[in-house]
Every structure is written in C-alpha cells, then in structure tokens.
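# Analysis of the macromolecular model
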Amino acid sequence: MFQQTCIAPVNIAVIKYWGKRDEELILPINDSLSMTLSTDQMCAKTTASASSNFKENVMWLNGEKVAFDENPRSARCLKEIKRIASAKGQPKFPLNLKLHICSENNFPTAAGLASSAAGYACLVYTLACLYGVEDEELTQIARQGSGSACRSLDGGFVHWKKGDNPNGSDSLAHQVISPSSWSNMRVLILVVNDSKKKTSSTKGMRLCVETSELINHRAEKIVPQRIENITKAIKTKNFTDFAEITMKDSNQFHAIALDTFPPCIYMNDVSHSIAEFVHRYNELAGETKVAYTFDAGPNACLYLEEENVAGVVAGLKLAFPNDNAGNVEYVKGIPINGQSYEAYKFKSNGSNLLKYIIHTKIGEGPKRLEECEGLLNEAGEPKKLIQ
Ligand SMILES: Nc1ncnc2c1ncn2[C@@H]1O[C@H](COP(=O)(O)OP(=O)(O)OP(=O)(O)O)[C@@H](O)[C@H]1O
Ligand SMILES: C[C@@](O)(CCOP(=O)(O)OP(=O)(O)O)CC(=O)O
C-alpha cells in the first residue's frame, strides 16, 4: 500500500472571487486575493492510499462515505494529477490502482468558513505527494476542485490571477508576501452560525452572473484597481489602506449578491451589527485598528494586528455578550496576552449573538505529515468513523 497524509490551510479573501466565466474549468471573471490562515487552528487533513487490494475509489469526509468518482470536481482533480504523473514517466506505482481517501476538517464544513478551499487544496496536495508530482503547478488543479482552493496552496497573502486563456492555463495563484513578512497579522473568526448554509457559493455566483447587471462593472472596473492598491498596502504593511479596501470589497461583494435575482442574502442582522461595531471601534480609537470581511454566510472574519487583539476582543465581549460561557470555550485558538481563554468568556445577558470566536493568524501553505498521523489503517479503512 502507498500512503500519504497532508494538512492544508483555510484562506479568507480580502478581494473576493465571485463569478465564473467557465463553470467546468472554474475560471473566474475577476482576480482575487486572500490571506492564508495558520493550520494550528483550522485545517483540512487528508490521507490517500493506493493499493491493489482496493476495488474502487472511496472517500470518507468527516467520517462519512461521500461520492468520489461521481463527484465531477474530485474526479477531475485526480485525473489531472494522474495526467501529470503519467507525463513525467516512471510513476511511483501503477496508475490504475484504486484509492481510499479519508479527510476531515477540524472546523465546520460547508458553513461559509472556506472548508471547500482547505478541503480541495488538501486533496490535490495529498494526491500530488502520493503520485510524486508535488513540484508541479498545482494551483490550476486545485482551482478545478473549488476556485478558492487554489489560494490555499501557499502561505501568507496569495493572488489568484483570473487569466485570459480559455483553457485556464494562466489562471493561477501566486504568493504576494510570505507569512513572516507580516507576522503580527491576526484573525478573529466570529462564528454567528456554523450550520450548513442555504445557498452555496457555487450556486449563488452562478445566479449572480446570470442576473446581476452590477457584477460586470465590479469585475471590469473595480477589482483591477483594488488588486493593485491592496497589493501595495500589503507589501508596505499599510494596515489602514489594507483595512479600507478589505471592508469596501466585502461590502461590494454583498451588494452584488443582493443584486442577484432572486437575491442572495448572506449577512444577517448580527453580521451588520459586527460591521457597525468595527466602524465604531475604529472611530473611537481614532485610527483603523480592525477590518471585517464576510464570505457567503453570516460569519465575520476580522483582520487586525496582534497588539490590537485584546482590545477588540474586550469590545466584542461587551457588544455581543453570551450566556453559554459556562460550558463552552468562547475564544478558541491562540491565547490572548498569555491569558487563558477563560478570561474571554462572555458575560450573560441572554442574547447569544456570537456562538464562539476563533483566534488565529497568518500561516503557511500545506504540509506533509508522518505516516503515523494518517487517517486510514493498514487495511485502508478510516481509523475513526461517525457511529
Ligand atoms: N476536507 C475536505 N476534503 C474534500 N472536500 C471537501 C472537504 N471539506 C469540504 N469539502 C467539499 O466542499 C464542500 C463545501 O463547500 P461550500 O462552498 O458549500 O462550503 P464552504 O467552503 O464551507 O463555504 P465557502 O466556500 O462559502 O467559504 C463539501 O460539501 C465538500 O464537497
Ligand atoms: C465568497 C467566497 O468565499 C467564494 C468562494 O467560492 P468557492 O471557491 O467556494 O466557489 P466554487 O469555485 O464554486 O467552489 C469568496 C472567495 O473566497 O474569494
């Protein structure tokens, strides 16, 4: 049996990808740019095994069997990796061996927390390592699993260029700066709702391209300038400019989603209160200390520098109290100012607007793990199954 296990990070866009020009190849109508989050707090982990004993390709996701060959996105990722392995000659093992693949996310799946980005990046990276083709340009393969996944193959800030070629050969993602270049960059994920969302990004953006008249204006006239400006802000670590562009782009993405017919409404009242909180916090501070961005769901992602984390969390505690604090960790992840999470549990007033907060930071791309950390046993079955 040949086996490989890897982890891959989540990325959260500051200039959003929204809209495809080719649904099958997953080619976007505009460039996008994101920050990769540390795998210490949130990651997808995937083990892939190849063996002559396996009868068919099988995949388990979070302990449950899911379609693999019947899922056109995962099937295409495997086909592309095998194509490269065969073109390179002398594959590590016969390419017709069937695979068992087991993957799990240590955070909610399909809840608007970029599980598809981490998940497909991890699948492609793991398969690439298994077949010995990890030195190839993998972003154009991960892109065909889920567009945003191509940005999870590198750390730091990553720019996905939309490209112009109809075959997608120039629709690739590249690092803008490494994680160590802006190492005090932190993220607070405010989880408003972690259940499965109603309208997937795939469906929402398809409807948006079909019905919104504003989306083309955004793709053609707004995004190119924003990419240039935010790249400059990132390279010079200008947090004020970075924050303003990030918040404006999130707002514009949700305006475009609302311009879909029927409208896609992803933010809720709590999300809007979080945006208002951020503007008030910055106003009272007299400078921009924190920025929000929202993906296709109500959860907020706040970008801020390390020295401002404790202040912002204290403000959030006051603005969004929660009465479940007795039995749940409310701030998960990196301890704040060396204090235990206990210090940041919310006081009760019964409103429970935020379920919990994940404190994380800028991070590296995917990593290979040791064999003993694999998710499959010697028979190629998951070590853990949902009962
Ligand atoms: N670890 C994983 N391995 C392989 N595929 C995964 C993994 N995690 C998620 N996926 C795929 O991604 C799908 C969820 O994608 P979806 O876009 O609906 O949610 P999301 O990525 O959490 O949200 P968003 O893209 O809006 O941030 C899952 O149904 C599954 O097909
Ligand atoms: C709002 C977003 O998170 C949309 C992500 O969309 P997906 O990458 O999940 O969509 P598909 O390519 O159809 O799989 C913005 C972003 O990450 O840039």
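Shown above is the structure to which this text applies.
Residues numbered from 1 in each chain as written. Chains lettered and ligands numbered in written order. Predicted model: local features only at pLDDT ≥ 70, side-chain atom pairs only at ≥ 80, totals over all residues. Heavy atoms only, no water.

## What to know about the overall build of the chain
Each helix and strand in the chain was counted, giving eight helices and 17 strands. The C-alpha atoms of the chain give a radius of gyration of 21 Å, which matches the 21 Å a tight globule of 387 residues would have. The proportion of buried residues among the 387 residues of the chain is 56%. When the accessible surface of the chain is totalled, it reaches about 16,800 Å², and 48% of it is carbon and sulfur. Each charge class in the chain can be summarised by its mean position, and for the 43 positive and 44 negative side chains these summaries are 1 Å apart. (Helix = DSSP H or I, 4+ residues; strand = E, 2+ residues; numbered from the N terminus. Rg over C-alpha atoms; globule rule 2.2 N^0.38 Å. Buried < 20%, exposed > 50% of the residue type's maximum accessible area, 1.4 Å probe, protein only. Areas by Shrake-Rupley, 256 points an atom, 1.4 Å probe, with all protein chains shown as cover. Lys, Arg positive; Asp, Glu negative; His and termini not counted. Charge placed at Lys NZ, Arg CZ, Asp CG, Glu CD.)

## Comments concerning the sheet that holds strand 5 (residues 32-36)
Strand order across the open sheet formed by four strands is 2-5-10-11, with antiparallel pairing between neighbours. At either margin of the open sheet sits one strand with a lone partner, and together these are strand 2 (11-15) and strand 11 (173-177). Taken over all neighbouring pairs, the strand axes of this sheet differ in orientation by 35° on average, direction set aside. Relative to strand 5, strand 2 runs antiparallel, the two sharing four bridges. Within strand 5, the residue paired with Ala13 across the bridge is Ser34. Of the strands in this sheet, strand 2, strand 5, strand 10 (157-160) and strand 11 are in contact with helix 5 (residues 214-235), which crosses strand 2 at around 110°. (Pairing = 2+ DSSP bridges. Axes fitted to C-alpha atoms, helices over the stretch in contact; angles between N-to-C directions. Contact = heavy atoms within 4.5 Å.)

## Observations concerning the site of ligand 2
In the vicinity of ligand 2 lie 18 residues, with Tyr17, Lys20, Arg73, Ser146 and Ser148 positioned nearest. Between ligand 2 and Lys20, the relevant distance is 2.7 Å, taken from an oxygen atom to a side-chain nitrogen or oxygen of the residue. Contact between ligand 2 and Thr202: an oxygen atom at 2.7 Å from a side-chain N or O atom of the residue. In the complex, the protein chains occlude 94% of the 460 Å² of accessible area that ligand 2 would expose alone. For the shell around ligand 2, the leading source of residues is helix 4 (residues 201-211), giving three residues. Class assignment of the residues belonging to the shell around ligand 2 gives a composition of seven nonpolar, six polar and five charged. Inspection of the shell around ligand 2 shows a minimum of three residues originating in each of domain 1 (2-178 + 367-373) and domain 2 (185-361). (Near = heavy atom within 4 Å. Polar contact = N/O pair within 3.5 Å; in protein donor to acceptor, adjacent residues only side chain to side chain. Nonpolar A, V, L, I, M, F, W, Y, C, P; charged D, E, K, R; others polar. Domains from an automatic or database assignment.)

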